[in-house]
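# Observations on the model geometry
Chain by chain, the residues:
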Amino acid sequence: MLDRIVELLYQKGYCMLDEQNKGVYIRETDSQVYVVILSMYHNGVSVKQCEALRSRIEFKVIMRYQKKIRTLYLFLTENAMFEKNLLELANGLSGAWFLAMDTGRIYVFETQSEQFDDLYNYFQTSLAKSKFEKNFCFTPVNMTIVALNILYFILIIVLNGGYWAIYNSDIMLSAGALSYDTFIHGAWYQIFSSLFIHFGFTHLINNMVLLTYVGCELEQRIGKLSFIMIYFASGLVGNVASLMYYNAVGEITISAGASGAIFGVIGALAINLFINHTETPNLTTRRLLVLAGITVYYGMTTLGVDNAAHIGGLICGIIGEFLLSKISRYVKLK
């Protein structure tokens with residue numbers, strides 16, 4: 001992490017002050033000199049020690065450049081579980097940021113300012129991109145959901161005498177598929193159970209391949225709990241939208257599948273990429289929204305596709321991730 005910060009400083013136009021101060025980086029402008037003191041935090045460092053070092057560095061820079069100086073302390077910490085000594089340092093030392101290496105995020109306490117040569121946004125964006133410009137990896141919650149979908153698909157076939165059972169309406173309803181009539185007459189569990197039921201091998205595989213890709217990407221970015229909330233909230237909202245729409249138009253349908261939840265994941269991932277500026281060459285907000293748009297168009301021109309669930313899930317995912325991102329940022333600032 002330290003090497004990455006140094007690399008980003010050089011890319012921003014900073015250079016090392018001199019060989020005697022290897023942790024000090026400067027950038028000269030027409031009117032002033034920006035000074036970044038980069039240091040690994042260790043328990044026991046005091047405000048007095050830091051101020052003494054700052055005074056020595058600033059004196060040296062002033063003598064060399066004869067310009068106004070702005071100085072920032074950037075401490076690297078092992079994790080974001082800030083201890084008492086660090087909090088005292090944050091409150092007593094002006095111009096200090098803390099970069100937690102476990103989260104890859106910079107924490108600026110309320111007594112400090114984010115305004116310093118636009119470095120805060122620059123670091124946050126660059127570090128987030130570095131975190132996700134890695135090879136695709138499987139995540140535990142999403143892959144558990146994928147496994148449950150596949151296992152339930154196999155279980156329905158085994159318990160009901162063969163593959164063609166998944167095309168039998170009565171069998172699928174008893175297994176948990178969603179129908180307006182059965183739902184309003186007490187089968188409320190169907191609004192949840194239908195998320196794990198698929199009509200045919202192609203339906204299952206198409207959904208699971210897409211979920212594996214977008215679901216793992218989203219879980220990696222927002223964490224397990226937030227992913228669970230987005231996934232199931234989108235699925236449930238999608239099912240409610242489906243019930244309301246098809247009842248309103250007078251169509252009798254039996255619906256099932258993870259599509260509503262998956263569309264919610266797509267919408268949430270698009271918003272996450274946009275807000276955090278973490279797009280990669282192979283994963284962009286535009287591509288995700290185009291994918292969602294093509295799928296919705298396909299559903300409008302093809303029989304048997306539950307577009308109401310798709311659109312409902314997509315909207316829920318977009319709104320849900322927007323709210324979660326705002327809440328997460330508020331908590332971090334606090």
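As a starting point, this report considers the structure included with it.

### Describing the pattern of salt bridges
- One pass over the full model with this rule turns up eight salt bridges.
- Between Glu19 and Lys22 there is a salt bridge, with its nearest N and O atoms 3.6 Å apart.
- The salt bridge involving Arg221 is made with Glu217; its shortest N-O contact spans 2.7 Å. Residue Arg221 and its partner Glu217 are both found in helix α9 (residues 201–222); the two are separated by four residues, about one turn of the helix. A single burial state applies to Arg221 and to Glu217, both of which are buried.
- Linked through salt bridges whose partners overlap, the residues forming this network are Asp18, Lys60 and Arg64.

### Topic: the side chain of Gln112
- Relative to the assigned elements, Gln112 resides in the loop between β6 (105–107) and α4 (119–132).
- Judged by relative accessible area, Gln112 falls into the buried class, the value being 13%.
- Here Ala90 takes part through its backbone oxygen, which lies 2.6 Å from a polar atom of the side chain of Gln112.
- Excluding anything up to four places from it in sequence, Gln112 contacts Ala90, Leu93, Ser94, Gly95 and Ala96.

### Quick look at the side chain of Ser193
- For Ser193, the position within the fold is in helix α8 (residues 190–193).
- Here Ser193 falls in the buried class, since its relative accessible area comes to 15%.
- A distance of 2.8 Å separates the side chain of Ser193 from the backbone oxygen of Gly176, its partner in a polar contact.

### Looking at the packing of aromatic side chains
- All told, the structure shown has 18 aromatic pairs when counted by the stated rule.
- Look at Trp164 and Tyr167: their rings are 5.5 Å apart centre to centre, the planes differ by 40°, and that puts the pair in the tilted class.
- Residue Tyr167 is classed as partly exposed on the basis of its relative accessible area of 44%.
- Taken together, the aromatic side chains of Tyr41, Tyr73, Phe75, Phe98 and Phe109 make up a single cluster linked through ring pairs.
- Sitting over the face of the ring of Tyr122, Lys12 holds its NZ or CZ atom 5.2 Å from the ring centroid.

### Section: the state of the cysteines
- Under the definition given, this model contains zero disulfides.
- Here Cys216 stays unpaired: no disulfide links it, and the sulfur of Cys137, its closest cysteine neighbor, is 7.1 Å away.
- By relative accessible area, Cys216 is classed as buried at 1%.

### Focus on the packing of helix α10 (residues 224–248) against helix α11 (residues 259–276)
- Two numbers describe how α10 lies on α11: the axes approach to 7 Å, and their chain directions differ by 130°. It follows from the interaxial angle that α10 and α11 lie oblique. Note on packing geometry: the crossing formed by α10 with α11 is right-handed. Every residue of α11 that contacts α10 at Phe227, Ile230, Tyr231, Ser234 and Gly235 is listed here: Gly260, Ala261, Gly264, Val265 and Ala268.

### Overview of the sheet that holds β6
- The sheet built from six strands is open, its strands ordered β1-β2-β3-β4-β5-β6 with mixed pairing. Strands with a single pairing partner mark the edges of an open sheet, and in this sheet they are β1 (15–18) and β6. Across the sheet, the mean angle separating the axes of adjacent strands is 35° when strand polarity is ignored.
- Judged from the nine bridges that link them, strand β3 (residues 32–40) and strand β4 (residues 68–77) form a sheet pairing that is parallel. Across the sheet, Ser39 pairs through a bridge with Phe75, a residue of β4.

Reading the values: the criteria
- Residues numbered from 1 in each chain as written.
- Predicted model: local features only at pLDDT ≥ 70, side-chain atom pairs only at ≥ 80, totals over all residues.
- Heavy atoms only, no water.
- Salt bridge = Lys/Arg side-chain N within 4 Å of Asp/Glu carboxyl O.
- Helix = DSSP H or I, 4+ residues; strand = E, 2+ residues; numbered from the N terminus.
- Buried < 20%, exposed > 50% of the residue type's maximum accessible area, 1.4 Å probe, protein only.
- Polar contact = N/O pair within 3.5 Å; in protein donor to acceptor, adjacent residues only side chain to side chain.
- Contact = heavy atoms within 4.5 Å.
- Phe/Tyr/Trp six-rings, centres within 6.5 Å; stacked < 30°, edge-to-face > 60°.
- Lys NZ or Arg CZ within 6 Å of the ring centre and 35° of its normal.
- Disulfide = S-S within 2.5 Å.
- Axes fitted to C-alpha atoms, helices over the stretch in contact; angles between N-to-C directions.
- Parallel < 35°, antiparallel > 145°, perpendicular 65-115°, else oblique.
- Left-handed = near helix turned anticlockwise from the far one by under 90°.
- Pairing = 2+ DSSP bridges.

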